[in-house]
Amino acid sequence: MRFLKVLFWLLLGGLVAAFVIYNGDETVTLRLSSTLVADFSLPLLLILVFLLGLLPSMVAYQAMRWRARQRIAGLERALTDLRAVTAPPAEPVVELPAPEPRA
């Protein structure tokens, strides 16, 4: 499974590198207001937009994982408490008298 994960990231990195190489000299002009104009490199702009779009979903995913871990920990604590309450009491050990030797 780790091999597939590494292969995926290598392919994704290769695609990003190829995109940057072929479109590195392209510029995009953004008009922020009537007097303010910004020139961005196309690959840089697309990578920034992608990361800004990925950020909310990553935050939501991490929050969901944290909440699931908290719920699981709470359920494990409740299960441990329940087992301690419903466990049958330990039976007392009764020692039998030693048999009398026959002569």
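Everything quoted here is computed from the prediction, not taken from an experiment. (Residues numbered from 1 in each chain as written. Predicted model: local features only at pLDDT ≥ 70, side-chain atom pairs only at ≥ 80, totals over all residues. Heavy atoms only, no water.)

(A) Fine view of the overall build of the chain. When helices and strands are counted, the chain shows two helices and two strands. Scanning the chain from its N terminus toward the C terminus, one meets helices and strands in the order α-β-β-α. Scaling as 2.2 N^0.38, a compact globule of 103 residues should have a C-alpha radius of gyration of about 13 Å, whereas the chain reaches 33 Å, well beyond that. Counting only carbon and sulfur atoms, one obtains 68% of the accessible surface of the chain, whose full area is about 10,000 Å². In the chain, which carries 10 positive and 8 negative side-chain charges, the distance between the mean positions of the two groups comes to 5 Å. (Helix = DSSP H or I, 4+ residues; strand = E, 2+ residues; numbered from the N terminus. Rg over C-alpha atoms; globule rule 2.2 N^0.38 Å. Areas by Shrake-Rupley, 256 points an atom, 1.4 Å probe, with all protein chains shown as cover. Lys, Arg positive; Asp, Glu negative; His and termini not counted. Charge placed at Lys NZ, Arg CZ, Asp CG, Glu CD.)

(B) Spotlight on the packing of helix α1 (residues 2-23) against helix α2 (residues 42-86). Interaxial distance between α1 and α2 falls to 8 Å at its minimum, and their mutual angle equals 145 degrees. Taking contact as the criterion, the partners of Val 16, Phe 19, Val 20 and Asn 23 in α1 are, on α2, Leu 42, Pro 43, Leu 46 and Ile 47. Taken together, the residues of the contact of α1 with α2 sort by class into seven nonpolar, one polar and no charged. (Axes fitted to C-alpha atoms, helices over the stretch in contact; angles between N-to-C directions. Contact = heavy atoms within 4.5 Å. Nonpolar A, V, L, I, M, F, W, Y, C, P; charged D, E, K, R; others polar.)

(C) The arrangement of the pairing of strand β1 (residues 27-31) in detail. Bridge count for β1 against strand β2 (residues 37-41) is five bridges, and the pairing is antiparallel. Of the residues in β2, the one forming a bridge with Val 28 is Phe 40. Hairpin connection of β1 to β2: five residues between the antiparallel strands. (Pairing = 2+ DSSP bridges.)

(D) Region of the structure containing the packing of aromatic side chains. By the definition in use, this model includes one aromatic pair. Seen in terms of ring centroids, Phe 8 and Trp 9 are 5.2 Å apart; in terms of plane orientation they differ by 70 degrees. Their pairing is edge-to-face. (Phe/Tyr/Trp six-rings, centres within 6.5 Å; stacked < 30°, edge-to-face > 60°.)

(E) Local environment of the environment of Leu 7. Assignment of secondary structure puts Leu 7 in helix α1. Leu 7 sits in the partly exposed class, given a relative accessible area of 36%. Taking the C-alpha atoms as reference points, Leu 7 and Gly 53, separated by 46 residues in sequence, lie 23 Å from one another. (Buried < 20%, exposed > 50% of the residue type's maximum accessible area, 1.4 Å probe, protein only.)

(F) Structural detail: the environment of Tyr 22. For Tyr 22, the location among the structural elements is in helix α1. Assessed through its relative accessible area of 66%, Tyr 22 is described here as exposed. For the pair formed by Tyr 22 and Pro 43, sequence separation is 21 residues and the distance between their alpha carbons is 9.4 Å.

(G) Local environment of a nonpolar patch on the surface. Taken together, the side chains of Phe 8, Trp 9, Leu 12, Val 16, Val 20, Ile 47, Phe 50, Leu 51, Leu 54, Met 58, Tyr 61 and Met 64 define a hydrophobic patch exposed on the protein surface, amounting to about 1,100 Å² of accessible area. Only α1 and α2 provide two or more residues apiece to the nonpolar patch. With seven residues, the top contributor of residues to the nonpolar patch is α2. Counting through the fold element by element, Phe 50 comes out in helix α2. (Patch = residues over 30% accessible without salt bridge, like charges linked within 9 Å, V, L, I, M, F, W, Y side chains within 5 Å. Salt bridge = Lys/Arg side-chain N within 4 Å of Asp/Glu carboxyl O.)

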